[in-house]
Amino acid sequence: MYSFLTTENWADYELVDSGNFEKLERFGQYYVARPEPQAIWDKHLPEQEWQRLAQAVFTRDKGSSEKGQWKLKKDMPEQWYINYKYNDLKLRFRLGLSSFKHVGLFPEQDSNWKFIYDTTRQLKAQPPKVLNMFAYTGAASLAAKAAGADITHLDSVKQVNFWARDNMEASNLDNIRWIVEDAMKFARREVKRGNTYNGIILDPPAYGRGPNGEKWQLENELNELIKLCQQMLDKTDYFLLINLYSLGFSAIILDNLMHQTFGDQIKNKELGEIYLHDKGDRKLPLGTFFRFHS
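Reading guide: rules and limits
Residues numbered from 1 in each chain as written. Predicted model: local features only at pLDDT ≥ 70, side-chain atom pairs only at ≥ 80, totals over all residues. Heavy atoms only, no water. Helix = DSSP H or I, 4+ residues; strand = E, 2+ residues; numbered from the N terminus. Contact = heavy atoms within 4.5 Å. Axes fitted to C-alpha atoms, helices over the stretch in contact; angles between N-to-C directions. Left-handed = near helix turned anticlockwise from the far one by under 90°. Nonpolar A, V, L, I, M, F, W, Y, C, P; charged D, E, K, R; others polar. Pairing = 2+ DSSP bridges. Expected span 1.5 Å × (residues − 1). Buried < 20%, exposed > 50% of the residue type's maximum accessible area, 1.4 Å probe, protein only. Arc of directions from axis to C-beta. UniProt positions renumbered as here; feature names shortened; annotations may be inferred. Phe/Tyr/Trp six-rings, centres within 6.5 Å; stacked < 30°, edge-to-face > 60°. Right-handed = clockwise from strand over helix to strand, strands pointing away.

A closer look at the environment of glutamine 260
Phase 1 of the analysis: Assignment of secondary structure puts glutamine 260 in helix α7 (residues 251–262).
Phase 2 of the analysis: In contact with glutamine 260, not counting residues within four places along its chain, are Asn223 and Lys227.

Focus: the packing of helix α6 (residues 218–232) against α7
Phase 1 of the analysis: Remark: α6 packs on α7, axes separated minimally by 10 Å, with the N-to-C direction vectors making an angle of 40 degrees. For the element pair α6 and α7, the recorded crossing hand is right-handed. Counted together, Leu222, Asn223, Ile226, Lys227, Cys229 and Gln230 of α6 and Leu257, Met258, Gln260, Thr261 and Phe262 of α7 form the full contact between these two elements.
Phase 2 of the analysis: Split into classes, the residues belonging to the contact of α6 with α7 amount to six nonpolar, four polar and one charged.

Thoughts on the sheet that holds strand β9 (residues 129–133)
Phase 1 of the analysis: Spatial strand order, β1-β16-β17-β15-β12-β9-β10-β11: eight strands in an open sheet with mixed pairing. On the outer flanks of this sheet lie β1 (2–6) and β11 (177–180), each paired with one strand and no other. The sheet shows a mean angle of 20 degrees between the axes of neighbouring strands, taken without regard to direction.
Phase 2 of the analysis: The pairing of β9 with strand β10 (residues 150–155) spans five bridges and is parallel. Its bridge partner being in β10, leucine 131 is matched across the sheet by threonine 152.

Regarding helix α4 (residues 158–170)
Phase 1 of the analysis: Between its terminal C-alpha atoms α4 stretches 19 Å, which fits the 18 Å expected from 13 residues at 1.5 Å a residue.
Phase 2 of the analysis: All buried positions along α4 are accounted for by Val160, Asn161, Trp163, Ala164, Asn167 and Met168. Looking straight down α4, one finds its buried side chains confined to an arc of 155 degrees; they lie on one side. Looking at α4, the residues exposed on the side facing more than 90 degrees away from the buried face are Gln159 and Phe162.

Looking at the UniProt feature "domain: S-adenosylmethionine-dependent methyltransferase" (unreviewed entry) in the chain
Phase 1 of the analysis: According to UniProt, the "domain: S-adenosylmethionine-dependent methyltransferase" (unreviewed entry) feature falls on residues 88–210.
Phase 2 of the analysis: With 37% helix and 24% strand, the stretch residues 88–210 has end C-alpha atoms that lie 35 Å from each other.

Side note on the packing of aromatic side chains
Phase 1 of the analysis: Under the definition given, this model contains 16 aromatic pairs.
Phase 2 of the analysis: An angle of 75 degrees between the planes, with centres 5.8 Å apart, marks the rings of tryptophan 10 and tryptophan 113 as edge-to-face. In this pair, tryptophan 10 is assigned in the loop between β1 and β2 (13–19) and tryptophan 113 in helix α2 (residues 110–122), connecting sequence segments 103 residues apart.
Phase 3 of the analysis: Since its relative accessible area comes to 4%, tryptophan 113 is described here as buried.

A look at unusual backbone geometry
Phase 1 of the analysis: Residue proline 127 is bonded to the preceding glutamine 126 through a cis peptide linkage, with omega at -10 degrees.
Phase 2 of the analysis: Following the sequence through the fold, proline 127 ends up in the loop between α2 and β9.

A look at the pairing of β11
Phase 1 of the analysis: By the bridge criterion, four bridges tie β10 to β11 in an arrangement that is parallel. Bridged to aspartate 155 within β11 is valine 180.
Phase 2 of the analysis: Each parallel crossover has a hand, and the one from β10 via α4 to β11 is right-handed.

Thoughts on the sheet that holds strand β5 (residues 56–60)
Phase 1 of the analysis: Here five strands make up an open sheet; going across it, the order is β2-β3-β4-β5-β6 and the pairing mixed. If you trace the sheet from one side to the other, it starts and ends with β2 and β6 (68–72), each paired once. Averaged over all neighbouring strand pairs, the angle between strand axes comes to 20 degrees, with direction disregarded.
Phase 2 of the analysis: One ladder, built from five bridges, connects β5 with β6; its direction is antiparallel. Across the sheet, the residue bridging to threonine 59 is glutamine 69, located in β6.

Encoded structure:
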């Protein structure tokens, strides 16, 4: 089944507008404007309205595709908290303005957090073991933990894991296993040791570096990583979710890789795209996903 998933019913987040390679978002009570390479259409709101609403505006440095500076209005803090609620799941996230335009959260992942929470609760293992790789500030880890998982959170950046720990404590959760390591090295070692997991969550970047300078390039590494995950995934009681945000990485490529590797283990399959919708009723594509569960 090919699906289009979007973020819904979240009081503390909305995509207000998008266009001219930018997006205007509300996180809690604060409005943030930052670059968005896929928003190639015109803005819905007039420029004066963007200027009136935006309390933090990100501008790229000359000669850089990612790094830049934030310009803040006087009432805009550099860090703040927002809440997230879905059925019995209640989380709290600390946001912050980074020099790479990010704020510490990818709100389009809302539908995947719901899937992780619901699916983890349905697993038979007590507690189910879940591995979150490229885990960033830990929203998916928190969703699994709140559902009762024994969760391993892996990211190659130590400071990001500290940020995830802050989110865990703000959400009144505890006992997450933190790993700072290169994802491929960790996966190869786990396979060698025969360790398995009931759930695996993957959200790899297009490019990245491990803690010792190990190079990650999505198109070169993903095939092997998925094969390692097949060996780590429990064969009877399981789920797997992979999300990719890479311009030009088709969902068809992801479909081919997953079926090649997991074959008949794929049940209850969902494949498709994740997007955010703005008040002008435009859909902003923000990645492809593939997920299945026993």
